[in-house]
Amino acid sequence: MTTMPDNINQRISARIRLEREARGWSLSELAERAGVSRAMIHKIERAESSPTATLLARLSGAFGISMSTLIARAELQEGKLLRFANQPVWRDPQTHYLRRHVSPRSDLPIDMVQVELPGGSDVPMPASSYALARQLIWLQSGELVFQEGDTRHEMRAGDCLELGPPNDCRFINESREPCVYLVVRLNQSGS
């Protein structure tokens, strides 16, 4: 997989600011709702710092939208066909996981995201990141441990898991090889 130019981080930064301002929230209010420092949000909005996946999940959860929706609003154009070469790809600066938004931007309440998780990675996601959605995780290759609250799901290639009610979770690759999985998200609020 190849990554989009670095300007995707600038577009994400601008989108975060736009989402905050559209709600009439101050930096402090967003910081309180997301459980993130005001200084960090300020750095991200000014594109002085690249947000991690966990941080993006916290911010999108505070906005009541998915991380997929946040990135799609920053990147995607309208249309029924989203060609592979135009699918936004974002690399988490902390874990180096690669996230590809597969589904076109449309009025369908579905997002599809493919993730390549490097070996030895552990990515926590707060419950707020999928509070208004139903999700499936389909492991395409490798091995994945999905920790959902107190429940540990050990997944192998081809396995598909329906997530339960929102809970803090972790995507863990305990192997040395990368794993690739698809997240299919049904947005119940239509956002």
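Bear in mind the structure is a predicted one, so any value in this text is a computation, not a measurement.

## Some thoughts on the pattern of salt bridges
As enumerated under the stated definition, the model contains 11 salt bridges in all. Across the pair glutamate 48 and arginine 46 runs a salt bridge, and its minimum N-O distance is 3.4 Å. Exposure remark for arginine 46: the relative accessible area of 51% places this residue in the exposed category. Across the pair glutamate 174 and arginine 152 runs a salt bridge, and its minimum N-O distance is 3.0 Å. Remark: arginine 152 occurs in strand β7 (residues 151-156) and glutamate 174 occurs in the loop between β9 (169-172) and β10 (179-187); sequence separation between them is 22 residues. Salt bridges linked by common partners bring Arg15, Glu19 and Arg23 together as one network.

## Quick look at the sheet that holds strand β6 (residues 143-148)
Spatial ordering of the open sheet is given by β4-β9-β6-β7, a layout of 4 strands whose pairing is antiparallel. With partners counted over all chains shown, the strands left at the sheet margins are β4 (122-125) and β7, one partner each. Averaged over all pairs of adjacent strands, the angle between strand axes in this sheet comes to 15 degrees, irrespective of strand direction. Where β6 lies against β7, 6 bridges are found, and the strand directions are antiparallel. Looking at β7, one finds that phenylalanine 146 is bridged to histidine 153.

## Some details on the UniProt feature "domain: HTH cro/C1-type" (unreviewed entry) in the chain
As annotated in UniProt, the feature "domain: HTH cro/C1-type" (unreviewed entry) corresponds to residues 16-70 in the numbering used here. Structurally, residues 16-70 comprises 69% helix and 0% strand, and the distance from its first C-alpha atom to its last is 8 Å.

## Considerations on helix α1 (residues 7-22)
With 16 residues, α1 should cover 22 Å at 1.5 Å per step; its first-to-last C-alpha distance of 22 Å lies within 8% of that length. Buried within α1 we find Ile8, Asn9, Ile12, Ser13, Arg15, Ile16, Glu19 and Arg20. The arc enclosing the buried residues of α1, seen along the axis, measures out at 165 degrees, which places them on a common side. Facing away from the buried side of α1 by more than 90 degrees, the exposed set consists of Gln10 and Ala22. Those residues of α1 hidden inside the fold are in contact with α2 (27-34), α3 (38-45), α4 (53-63), α5 (67-75) and β1 (89-91).

## Some points on the pairing of β6
The buried count for β6 comes to 5 of 6 residues, which makes it a mostly enclosed element. The hairpin formed by β6 and β7 contains 2 residues between the paired strands, and glycine 149 there has a positive phi angle of roughly 65 degrees. Of the strand pairs in this sheet, β6 and β9 are connected by 4 bridges, and their pairing is antiparallel. Within β9, the residue paired with glutamine 147 across the bridge is arginine 170.

## Here's the deal with the packing of α1 against α5
Axis angle and axis distance: for two packed helices, these are the angle between their axes and the distance between the axes, and together they describe the pair. Relative to each other, α1 and α5 sit at 110 degrees, their axes nearing to 8 Å. Considering their axes alone, α1 and α5 lie roughly perpendicular with respect to each other. Contacts from Ile8, Arg11, Ile12, Arg15, Ile16 and Glu19 of α1 reach α5 at Leu70, Ile71, Arg73, Ala74 and Glu75. Residues that form the contact of α1 with α5 fall into these classes: 6 nonpolar, no polar and 5 charged.

## A few points about unusual backbone geometry
Not every positive phi belongs to a glycine, and alanine 47 is a case in point at roughly 60 degrees. Residue class for alanine 47 comes out partly exposed when judged on its relative accessible area of 39%. In this structure, histidine 96 takes a positive phi of about 70 degrees despite not being glycine. Among the structural elements, histidine 96 can be located in the loop between β1 and β2 (98-101). A relative accessible area of 45% means that histidine 96 is categorised as partly exposed.

## Comments concerning the nonpolar core
Counting 43 residues, the largest nonpolar core has Ile16, Leu30, Tyr97, Met125, Leu144, Phe171 and Tyr181 as its most contacted members. Per-element tally for this core: the top contributor is α4, with 7 residues. Setting aside residues no more than four positions away along its own chain, methionine 125 makes contact with Ala53, Ala57, Met67, Tyr97, Asn167, Asp168, Cys169 and Phe171.

Rules of the game
- Residues numbered from 1 in each chain as written.
- Predicted model: local features only at pLDDT ≥ 70, side-chain atom pairs only at ≥ 80, totals over all residues.
- Heavy atoms only, no water.
- Salt bridge = Lys/Arg side-chain N within 4 Å of Asp/Glu carboxyl O.
- Buried < 20%, exposed > 50% of the residue type's maximum accessible area, 1.4 Å probe, protein only.
- Helix = DSSP H or I, 4+ residues; strand = E, 2+ residues; numbered from the N terminus.
- Pairing = 2+ DSSP bridges.
- Axes fitted to C-alpha atoms, helices over the stretch in contact; angles between N-to-C directions.
- UniProt positions renumbered as here; feature names shortened; annotations may be inferred.
- Expected span 1.5 Å × (residues − 1).
- Arc of directions from axis to C-beta.
- Contact = heavy atoms within 4.5 Å.
- Parallel < 35°, antiparallel > 145°, perpendicular 65-115°, else oblique.
- Nonpolar A, V, L, I, M, F, W, Y, C, P; charged D, E, K, R; others polar.
- Core = buried A, V, L, I, M, F, W, Y, C linked by side-chain atoms within 4.5 Å.

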